[in-house]
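Residues per chain are reported as follows:
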Amino acid sequence: MVDCIFCKIVAKEIPSQIVYEDDSIMAFNDINPVAPIHVLVIPKKHILNINYLTEQDEQVIGKIFSTIKTIAAEMGVGDTGFRVVSNSGSDGGQEVDHLHFHLIGGKALGKKIG
Ligand code: 5GP
Ligand code: ZN
């Protein structure tokens, strides 16, 4: 078993503010938000990052994006806009080695992405 912060959040060994949960995915507030809305959406299964996805993961990735849409709407930014980011690997700035998608919004984010 890998020593992974997000697997511990999934197992409820580390507390988090859960926004959504089902059998295969979980969404919770980022502990260090960069915007008024900053939610992390993850597969419950430990996948390191996008580079480690397989065909078997296509369904869960689809569910993650449908859920991002739902959460954005529930948080009132579906129409005004938001950003989704997934950092992969060291040059991508990934700090937690469990695949996650940042849903960021609630303010005008500007153009800078890199
Ligand atoms: P990365 O840089 O890997 O894309 O992003 C990791 C994110 O996880 C960061 O935004 C960081 O604030 C968040 N994070 C790290 N540890 C925890 C934690 O224990 N709980 C929560 N809710 N977020 C965390
Ligand atoms: Zn993990």
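Everything here concerns the structure above.
Cut-offs used in this document
Residues numbered from 1 in each chain as written. Chains lettered and ligands numbered in written order. Predicted model: local features only at pLDDT ≥ 70, side-chain atom pairs only at ≥ 80, totals over all residues. Heavy atoms only, no water. Pairing = 2+ DSSP bridges. Helix = DSSP H or I, 4+ residues; strand = E, 2+ residues; numbered from the N terminus. Axes fitted to C-alpha atoms, helices over the stretch in contact; angles between N-to-C directions. Donors = N, O, S within 2.8 Å, 3.2 Å for Na, K, Ca; no water. Tetrahedral: all angles 85-135°; square planar, octahedral: opposite > 155°, others 65-115°. Buried < 20%, exposed > 50% of the residue type's maximum accessible area, 1.4 Å probe, protein only. Expected span 1.5 Å × (residues − 1). Arc of directions from axis to C-beta. Contact = heavy atoms within 4.5 Å. 1 Å grid on protein atoms, 1.4 Å probe; cavity = no way out; pocket = protein on both sides within 12 Å on 5 of 7 lines; lining within 4 Å. Points joined across faces, edges and corners; volume = space filled by probe spheres on them. Nonpolar A, V, L, I, M, F, W, Y, C, P; charged D, E, K, R; others polar.

Some details on the sheet that holds strand β3 (residues 37–43)
In a beta sheet, neighbouring strands pair by backbone hydrogen bonds and run either parallel or antiparallel.
Item 1. With antiparallel pairing, the five strands of this open sheet are ordered in space as β1-β2-β3-β5-β4. Looking at strand neighbours, the two that pair on one side only are β1 (18–21) and β4 (82–85), the edges of this open sheet. Pairwise comparison of adjacent strand axes, ignoring direction, gives a mean angle of 15 degrees for this sheet.
Item 2. In this sheet, strand β2 (residues 25–29) lies alongside β1 in antiparallel orientation, the contact comprising three bridges. For isoleucine 18, the partnering residue across the bridge sits in β2 and is phenylalanine 28.

Describing the coordination of the zinc ion (ligand 2)
Item 1. On the protein side, the zinc ion (ligand 2) has Cys4 (SG), Cys7 (SG), His46 (ND1) and His98 (ND1) as donor atoms, found 2.0 to 2.3 Å from it.
Item 2. The site at the zinc ion (ligand 2) holds four donor atoms, and with the angles between them running 106 to 117 degrees, its shape is tetrahedral.
Item 3. Read from N- to C-terminus, the donor residues coordinating the zinc ion (ligand 2) fall into the pattern C-x2-C-x38-H-x51-H. Taken together, the residues cysteine 4 in the segment before α1 (5–10) and histidine 46 in the loop between β3 and α2 (58–74) connect sequence positions 42 residues apart.
Item 4. Note on cysteine 4: relative accessible area 6%, which makes it buried.

As for unusual backbone geometry
Item 1. A positive phi angle, close to 65 degrees, is found at lysine 12, a residue other than glycine.
Item 2. Mapped onto the elements, lysine 12 comes out in the loop between α1 and β1.

With respect to the environment of glutamine 59
Item 1. If you trace the backbone, glutamine 59 turns up in helix α2.
Item 2. In this structure the C-alpha to C-alpha distance between glutamine 59 and serine 24, which are 35 residues apart in sequence, comes to 9.7 Å.

Focus on α2
Item 1. A rise of 1.5 Å per residue sets the reference length of α2, with its 17 residues, at 24 Å; its end C-alpha atoms lie 25 Å apart and thus fit the reference within 8%.
Item 2. Listed as buried for α2 are Val60, Ile61, Ile64, Thr67, Ile68, Ile71 and Ala72. Viewed along the axis of α2, the buried residues span an arc of 135 degrees, placing them on a single side of the element. Residues of α2 that are exposed and point over 90 degrees away from its buried face: Glu58, Gln59, Lys69 and Ala73.
Item 3. Buried residues in α2 make contact with β1, β2, β3, β4 and β5 (101–105).
Item 4. With its phi angle positive at about 85 degrees, glycine 76 sits one or two positions after the end of α2.

Things to note about the layout of surface pockets
Empty space among the atoms can be located by rolling a probe the size of a water molecule over them.
Item 1. The volume enclosed by the largest pocket comes to roughly 530 Å³.
Item 2. Taken together, 23 residues line the largest pocket, and the ones lying closest to its centre are Phe6, Asp30, Ile31, Asn32 and Leu40.
Item 3. Going through the elements one at a time, α1, β2, β3 and β5 are the ones with two or more residues in the lining of the largest pocket.
Item 4. Of all the elements, α1 adds the most residues to the lining of the largest pocket, at three residues.
Item 5. In terms of residue class, the lining of the largest pocket is made up of twelve nonpolar, nine polar and two charged.

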